[in-house]
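# Structural overview
Take a look at the letters that make up each chain.
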Amino acid sequence: QQQVKQSPQSLIVQKGGISIINCAYENTAFDYFPWYQQFPGKGPALLIAIRPDVSEKKEGRFTISFNKSAKQFSLHIMDSQPGDSATYFCAASFEAAGNKLTFGGGTRVLVKP
Amino acid sequence: EAGVTQFPSHSVIEKGQTVTLRCDPISGHDNLYWYRRVMGKEIKFLLHFVKESKQDESGMPNNRFLAERTGGTYSTLKVQPAELEDSGVYFCASSQWTSGNTIYFGEGSWLTVV
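This report concerns the structure included in the present document. (Residues numbered from 1 in each chain as written. Chains lettered and ligands numbered in written order. Predicted model: local features only at pLDDT ≥ 70, side-chain atom pairs only at ≥ 80, totals over all residues. Heavy atoms only, no water.)

### Details of the overall build of chain A
Scanning chain A for helices and strands turns up zero helices and eleven strands. Mapped in sequence order, the helices and strands of chain A form the string β-β-β-β-β-β-β-β-β-β-β. Since a compact globule built from 113 residues should have a radius of gyration of about 13 Å, the 13 Å found for chain A is in line with a globular shape. The principal-axis extents of the C-alpha atoms in chain A amount to approximately 45 × 30 × 20 Å. (Helix = DSSP H or I, 4+ residues; strand = E, 2+ residues; numbered from the N terminus. Rg over C-alpha atoms; globule rule 2.2 N^0.38 Å.)

Below is the structure:
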């Protein structure tokens with residue numbers, strides 16, 4: 001049973017456009033929701049993260065929107081650039097479980113010039 | 001500061017053979033995690049060390065997998081005997097005990113069992 005569901009599996013966006021990736025979770029014990037960015041041949045790297053006491057967090061062109069009642073969160077990449085082409089993973093964790101991450105299935109984003 | 005390093009980066013072995021993957025966490029990081037991604041699936045948790053102690057090994061698929069962390073420093077993950085379904089990329093990650101939730105990943109060890 002997958003506890004964090006991510007969609008879409010892949011996404012193609014034009015340079016300058018907005019990329020939107022959605023995730024839904026089931027376990028209400030989760031209290032930390034990071035997004036990881038992974039380039040081919042590299043490991044996942046933390047991009048941005050949010051806790052459930054806020055509804056939105058913005059860092060540069062990346063924004064997380066969080067809806068606690070719906071148990072959903074999303075990543076918005078504004079003004080998408082070719083260098084943003086990568087696989088993005090949402091994840092969730094909680095401290096009582098040792099902060100182990102439960103990942104979504106990943107979204108391959110391709111930004112066309 | 002060096003990141004999480006993993007060795008080997010790629011390994012091709014035959015079914016039934018043994019493979020040992022090594023992870024060197026970021027210096028000073030007490031938490032060490034192993035994750036795995038098999039083709040087309042999500043990244044899945046395998047186990048968690050706090051220093052040299054296994055905190056959580058609920059994700060280990062079966063007793064063919066053995067993880068150790070000698071002296072609370074580097075860790076090894078041994079697969080013996082390897083099966084075809086063990087193919088995938090194995091990630092090691094680490095974090096400080098007091099830094100909250102930021103977990104840093106290595107580049108992964110790609111394992112192919114033929």
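### Topic: the overall build of chain B
Looking only at helices and strands, one finds zero helices and eleven strands in chain B. Seen in sequence order, chain B has helices and strands lined up from the N terminus as β-β-β-β-β-β-β-β-β-β-β. For 114 residues, the compact-globule estimate of 2.2 N^0.38 gives 13 Å, and the C-alpha radius of gyration of chain B, at 13 Å, lies within 12% of that figure. By principal-axis analysis of the C-alpha atoms, chain B measures approximately 40 × 25 × 25 Å. Looking at chain B as a whole, 47% of its 114 residues are labelled buried. Counting only contacts in chain B whose residues sit at least 6 apart along the sequence, the fraction spanning at least 24 positions is 52%. Counting only carbon and sulfur atoms, one obtains 48% of the accessible surface of chain B, whose full area is about 5700 Å². (Buried < 20%, exposed > 50% of the residue type's maximum accessible area, 1.4 Å probe, protein only. Contact = heavy atoms within 4.5 Å. Areas by Shrake-Rupley, 256 points an atom, 1.4 Å probe, with all protein chains shown as cover.)

### A closer look at the sheet that holds strand E1 (residues 5-7) of chain B
Residue and element names in this part refer to chain B. Spatial ordering of the open sheet is given by E1-E3-E8-E7, a layout of four strands whose pairing is antiparallel. Here the strands that pair on one side only, and so sit at the sheet edges, are E1 and strand E7 (65-68). Within the sheet, the average angular offset between the axes of one strand and its neighbour, ignoring direction, is 15°. Looking at chain direction, E7 and strand E8 (residues 75-79) are connected through four bridges and run antiparallel. What sits directly across from Ala67, in E8, is Leu77. (Pairing = 2+ DSSP bridges. Axes fitted to C-alpha atoms, helices over the stretch in contact; angles between N-to-C directions.)

### Points about the environment of Phe45(B)
One can find Phe45(B) in strand E5 (residues 44-50). Overall, the relative accessible area of 11% leaves Phe45(B) in the buried class. Separated by 45 residues in sequence, Phe45(B) and Tyr90(B) place their C-alpha atoms 10.0 Å apart. If sequence neighbours within four positions are ignored, Phe45(B) has contacts with Lys100(A), Leu101(A), Tyr33(B), Trp34(B), Tyr35(B), Asp56(B), Ser58(B) and Gly59(B).

### A closer look at the interface of chain B and chain A
At the junction of the two partners, chain B supplies 18 residues and chain A supplies 20 residues. Seen at the junction of chain B and chain A, the total is two salt bridges. Summed over the shared surface of chain B and chain A, the number is six residue pairs in polar contact (both at pLDDT 80 or more). At the level of secondary structure, the elements contributing two or more residues to the side of chain B that touches chain A comprise strand E4 (31-37) and E5 of chain B. Taken together, the residues of the side of chain B that touches chain A sort by class into seven nonpolar, six polar and five charged. (Salt bridge = Lys/Arg side-chain N within 4 Å of Asp/Glu carboxyl O. Polar contact = N/O pair within 3.5 Å; in protein donor to acceptor, adjacent residues only side chain to side chain. Nonpolar A, V, L, I, M, F, W, Y, C, P; charged D, E, K, R; others polar.)

### Regarding the sheet that holds strand E3 (residues 19-25) of chain A
Residues and elements named next belong to chain A. Taken together, five strands build an open sheet; the order of strands is E1-E3-E8-E7-E6 and the sheet is antiparallel. The open sheet terminates on both sides in strands that have one partner only, identified here as strand E1 (4-7) and strand E6 (56-59). Geometrically, the sheet is characterised by an average inter-axis angle of 15° between neighbouring strands, direction not taken into account.

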